[in-house]
Each structure stands twice: as C-alpha cells, then as structure tokens.
Amino acid sequence: MQAQPANTSVEADVQRADVAIIGAGPAGAIVSALLNRQGHKVVVIERQHFPRFSIGESLLPQCMEFIADAGMLDAVNNAGFQFKNGAAFTRDGKYSFFDFTDKFSPGPGTTFQVQRGTFDHLLASEAQKQGVEIRYGHGLTAINFKDTGAELQVQPDTGDAYQINARFVLDASGFGRVLPRLLDMELPSNFPTRTSVFTHIQDNITADWHDRNKILVIVHPQHNDVWFWLIPFAGGRCSLGVVGESHYFEGKTDLKECLQGFVNETNDLGPLLSNAVFDTPVQKLSGYACNVKSLWGENFALLGNAGEFLDPVFSSGVTIAMKSASLAAPLVDRQLRGETVDWEREYAIPLKRGVDTFRNYVSAWYDGRFQDVVFFRQDKATHKISQMISSILAGYAWDEKNPFVTEPSRRLNALAELCRG
Ligand SMILES: Cc1cc2nc3c(=O)[nH]c(=O)nc-3n(C[C@H](O)[C@H](O)[C@H](O)COP(=O)(O)OP(=O)(O)OC[C@H]3O[C@@H](n4cnc5c(N)ncnc54)[C@H](O)[C@@H]3O)c2cc1C
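Residues numbered from 1 in each chain as written. Predicted model: local features only at pLDDT ≥ 70, side-chain atom pairs only at ≥ 80, totals over all residues. Heavy atoms only, no water.

(A) Broad picture of the state of the cysteines. Applying the stated criterion across every chain, the model contains zero disulfides. The thiol of cysteine 63 is not disulfide-bonded; the next cysteine sulfur, from cysteine 238, is found 19 Å away. By relative accessible area, cysteine 63 is classed as buried at 0%. (Disulfide = S-S within 2.5 Å. Buried < 20%, exposed > 50% of the residue type's maximum accessible area, 1.4 Å probe, protein only.)

(B) Structural detail: the layout of surface pockets. Taken as a whole, the second largest pocket spans an internal volume of roughly 170 Å³. Taken together, 16 residues form the lining of the second largest pocket, with Asn291, Leu295, Gly307, Glu308 and Lys352 sitting closest to its centre. Counting residues per element, the lining of the second largest pocket draws most heavily on helix 9 (residues 343-366), at five residues. By residue class, the composition of the lining of the second largest pocket is eight nonpolar, four polar and four charged. (1 Å grid on protein atoms, 1.4 Å probe; cavity = no way out; pocket = protein on both sides within 12 Å on 5 of 7 lines; lining within 4 Å. Points joined across faces, edges and corners; volume = space filled by probe spheres on them. Helix = DSSP H or I, 4+ residues; strand = E, 2+ residues; numbered from the N terminus. Nonpolar A, V, L, I, M, F, W, Y, C, P; charged D, E, K, R; others polar.)

(C) Structural context of helix 4 (residues 116-129). Look at helix 4: 19 Å from first C-alpha to last across 14 residues, which is about the 20 Å you get at 1.5 Å a residue. Those residues of helix 4 that fall on the buried side of the exposure criterion are Arg116, Gly117, Phe119, Asp120, His121, Leu123, Ala124, Glu126 and Ala127. Looking at the buried residues of helix 4, the elements they touch are helix 1 (26-37), helix 2 (62-69), helix 3 (73-77), strand 7 (133-136) and helix 8 (317-336). Backbone geometry just after helix 4 places glycine 131 at a positive phi near 115 degrees. (Expected span 1.5 Å × (residues − 1). Contact = heavy atoms within 4.5 Å.)

(D) A look at the site of the ligand. For the ligand, the set of nearby residues contains 36 residues, the closest of which are Glu46, Ile55, Ser58, Arg116 and Val318. Take leucine 140: an N or O atom from its main chain is 3.0 Å from a nitrogen atom of the ligand. The protein chains hide 96% of the 1,000 Å² of surface that the ligand would expose on its own. Elements supplying a minimum of two residues to the shell around the ligand: helix 1, strand 2 (42-46), strand 8 (138-146), strand 14 (227-232) and helix 8. A breakdown of the residues in the shell around the ligand according to their chemical character gives 17 nonpolar, 14 polar and five charged. (Near = heavy atom within 4 Å. Polar contact = N/O pair within 3.5 Å; in protein donor to acceptor, adjacent residues only side chain to side chain. Areas by Shrake-Rupley, 256 points an atom, 1.4 Å probe, with all protein chains shown as cover.)

(E) A look at the nonpolar core. Membership of the largest hydrophobic core comes to 119 residues, with the highest contact counts inside it found for Leu152, Leu170, Tyr347, Trp365 and Phe370. When near neighbours in sequence (up to four residues on either side) are disregarded, leucine 152 contacts Ala20, Leu140, Ala142, Ile143, Tyr162, Gln163, Ile164, Ala166 and Val169. (Core = buried A, V, L, I, M, F, W, Y, C linked by side-chain atoms within 4.5 Å.)

(F) Spatial organisation of empty space enclosed by the protein. In the structure shown here, the tally under the stated rule is four cavities of 30 Å³ or more. Roughly 70 Å³ of internal volume is contained in the largest cavity. In this structure, the largest cavity is lined by Leu60, Lys84, Ala87, Phe89, Phe100, Ile215, Val217, Val313, Phe314, Ser315 and Leu393. Elements with a minimum of two residues in the lining of the largest cavity: strand 4 (86-91) and strand 13 (214-219). Split by residue class, the lining of the largest cavity holds nine nonpolar, one polar and one charged. Its boundaries defined by the atoms lining it, the second largest cavity holds a volume of some 50 Å³. For the second largest cavity, the full set of lining residues is Gly304, Asn305, Glu308, Phe309, Leu310, Ser316, Gly317, Ile320 and Val355. Partitioned by chemical class, the residues of the lining of the second largest cavity number four nonpolar, four polar and one charged.

(G) Seen up close, the sheet that holds strand 5 (residues 94-99). With respect to topology, seven strands assemble into an open sheet ordered 5-4-13-14-15-12-16, the strand pairing being mixed. Sheet topology places strand 5 and strand 16 (283-286) at the edges, where each strand pairs with a single neighbour. Averaged over all pairs of adjacent strands, the angle between their axes in this sheet comes to 20 degrees, without regard to strand direction. Both strand 12 (residues 194-202) and strand 15 (residues 237-245) contribute to a ladder of nine bridges, which runs antiparallel. Looking across to strand 15, one finds that arginine 194 is bridged to glutamate 245. Contacts between helix 11 (residues 383-393) and the sheet are confined to strand 4 and strand 5, with strand 5 contributing the most and set at about 75 degrees to the helix. (Pairing = 2+ DSSP bridges. Axes fitted to C-alpha atoms, helices over the stretch in contact; angles between N-to-C directions.)

(H) Structural detail: the packing of helix 8 against helix 9. Across the interface, helix 8 lies against helix 9 with an axial gap of 10 Å and an inter-helix angle of 170 degrees. Taken together, the axes of helix 8 and helix 9 are roughly antiparallel relative to one another. Together, Ile320, Lys323, Ser324, Leu327, Ala328, Leu331, Val332, Arg334 and Gln335 of helix 8 and Trp343, Glu346, Tyr347, Pro350, Leu351, Val355 and Phe358 of helix 9 make up the contact between the two elements. By residue class, the composition of the contact of helix 8 with helix 9 is 11 nonpolar, two polar and three charged. (Parallel < 35°, antiparallel > 145°, perpendicular 65-115°, else oblique.)

Spelled out as structure tokens, the structure:
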C-alpha cells in the first residue's frame, strides 16, 4: 500500500487534529474508532504499511467487548479466523484445560486465534471506514508539548517531514515505545530478561487429543520456566514459539535448529509436530518486558505496550492494549470538552488493577505455583474456583466481583498450597 497523502484540507506545513495517535495496532485502531465516534478529528500516524507481521496471535474473550464497542465485531466475526474457546496445558504427560465459556465473570467466552498481519489490518481498515484518517508509512520523530497540546514532527517514508498540532496525543506505538523513549519515561521490568523464538508452520497435526479451538501451552520437561505456545490458525497452520530466560538461548545462532531442538526435547510437542513443515523464517525477540514511570502526562497518555508489557504466557497483551484504549477514550473526550480529568485516578490506577492481576499469575507461572494449580485443579479445586481462574485467563482481570482479582496474590498462594498439599 502506498503512503497516503497528507490531509490537504488544512494548512500546507502545519496540520491540526483534536487527537493524534501514534501507531495503528490494536490499541491505536480501537481508540481511534471510539474517539471518532465522539466526533473528534483523529489522525493516526503509522510507521509501517499494513498488513505487517506482529507477534501476539491468541486473543482473549474479554477483548471481543472492546471490538464490539468500536463497531468492529461483525467484521472480526466474519473474517474466517480460527475459533478459540479456551487454553490447554501439558506438563510431564499431564493434560489440563480451561474452558472459557465456563467462567465466573459475565461476557463473551469465545474469541479467535489470528494472524496479526490480517487482524490488525482489518481493525485499522474498519476504523478508516468509520472516518478515521490513518497515514501509513508516517513515523513520529519528535514531539514538543505545550499548554494547549503538542507539536508532532512526522516523517513520511516518501516526501518531506511535516508537523501536526494536536490537542491530545495517545501513544499506541507498542514496542516502538515512542513517548517513553523521547520523554525519558522508560523503566525496566521486574521480570528477568526472557527470549522467545517463534515461527509459523504447516502443522499437519493428526493426534485426536489436540484441540484446535484452544491455545496449547507446553511446559519443558526439564526446565519448568521454559514453555512453548502452539496457537492453531484456520487452514492447518500454527504459530509455534518457545520462551525462556535468555541464557537458555545463548550460542544458538541457527534459529530454526534452536526451535526444533527445543521441540524435540519434549515428549508431547515433538510427536505432535512430527509431520510439521517449517516453511517460514524463524524469528527471535528478547527483553520485551518493559515498564514506564507514568502512564500519562499533560496532554498525553500511553496505551498498550507503549506503557507496560508483562509476558506472553497468558496471551494478555492485546486485551490489555484494548482495555487501555477503552479506558482512555472517554477521558480524552471529556478533556477535549473542557472537563478536568484525573488521569492517575481514572486511567492509570484502574488499568493497573487488571495488569497487576496478570502480573501475579505470570510470577506464579514461572515459580511453579500456578502450574501446580493448572495441573491439579481438577482433583483439588472446586468448580467455582476453577471458574474464577477461567475468568482471569479469559481476560476478565478487571472484574472486581472475582475474589481472585481483588486479592490475586493471597488467593493464588492459598490455592497453590492446597493443590500442592
Ligand atoms: C513473544 C510474544 C508473544 C506474544 N503473544 C501474545 C498473544 O498470544 N496474545 C496477545 O494478546 N498478546 C501477545 N503478545 C503481546 C502483543 O504482541 C502486544 O501486547 C500487542 O501487540 C500490543 O498492541 P499495541 O496496539 O499496544 O501495539 P502494536 O500491536 O505493537 O502496534 C504498535 C504500532 O505502532 C507503530 N509504531 C511504532 N513506532 C512508531 C512511530 N515512531 N511512529 C508511528 N508508528 C509507530 C508500529 O509500527 C505498530 O504497528 C505477545 C508478545 C510477545 C513478545
């Protein structure tokens, strides 16, 4: 796709928008549509041309509510993506799963597993159909904040740099983390540096125990802090990845050999993929967990991965990105209408509540507590507790009626003790 021409209805060198959004991934697409619906002039600048590859392919049911609010549900439902209704786990020959339709919180219990190139392009195109202007191939290079908003310097990949003056800026630039870098707001994550090596395969799976409607998370037989994802797509393809602390990957320069080597160390994934065709280049990402000093500042807020990213293990990234969009849009609307908004109380604190729920589960996954819950739950936990956990894994990490949300650490510790006992 060609870079789109700059809006000609405004002055030639300085252009104006109510809201400038950096990045057209899930956070940027959803928030742009929500603000456009409120009647604001929104301009999205997106450095790349869509469709483009992105990792993060297993959605959680909670995000279907945000997709619906943005008026994109029919498009997503009709796109032919792989249906998803839960998460399955294997460790040491044990198999366990959570059915997301059997959960404590109200709301959708199913969603999809998506090639993100197609999915993100679909969301962005739906936003465009609703009237949002997206400028592909335009990257933000500098920003200057003022009392009245911000001046953004934009560099198209063809043509001259130009300036947009916006009353409010939303940074949805994902791992680009544009404002945290430009404004020196970056903080390291508390999690150790982990690496992921991944690809797409033609899976040729015939085993009848494998359920294509669920993400499969496989624990490595020797190192329980190393795990794999197998995310089936429609059409017999899968996303396959391995995750572990970076030292496990040292010296492994041939990524295909590295990934296949890890797979062949397992007793379940190896046989499952014995006929798989590795037909796509293998990629590697390291040190993706990140944090920031603040999720907002005067006339800007950070959405999705531009704020914080925890870990891929519970597929929470897109849901958190969309939740941040859903929380920020009405606040931007109110601020643009002249109301005072308390961004800490109304945005950062509520967003972090769910992020912190996931944080507890991520920590407990890697130290083994949550793995013990997952693999022993059918014997020891009651159905109601299982439904509460299922809700969180389905993305309802902000549901304050769920005791495992209000007291994630204490409840999880108690449950792990019970399961271990
Ligand atoms: C190994 C791994 C596996 C994962 N698996 C899952 C999963 O299964 N499920 C899940 O939900 N999440 C998963 N995630 C997380 C998921 O990838 C992210 O949380 C999600 O993509 C965040 O969405 P976003 O809209 O914040 O950012 P993004 O989707 O990254 O979009 C940001 C956009 O901003 C653009 N941009 C960047 N810089 C600039 C600039 N200077 N100017 C203009 N545009 C710019 C980029 O081109 C990009 O299109 C995974 C992450 C990792 C690392």
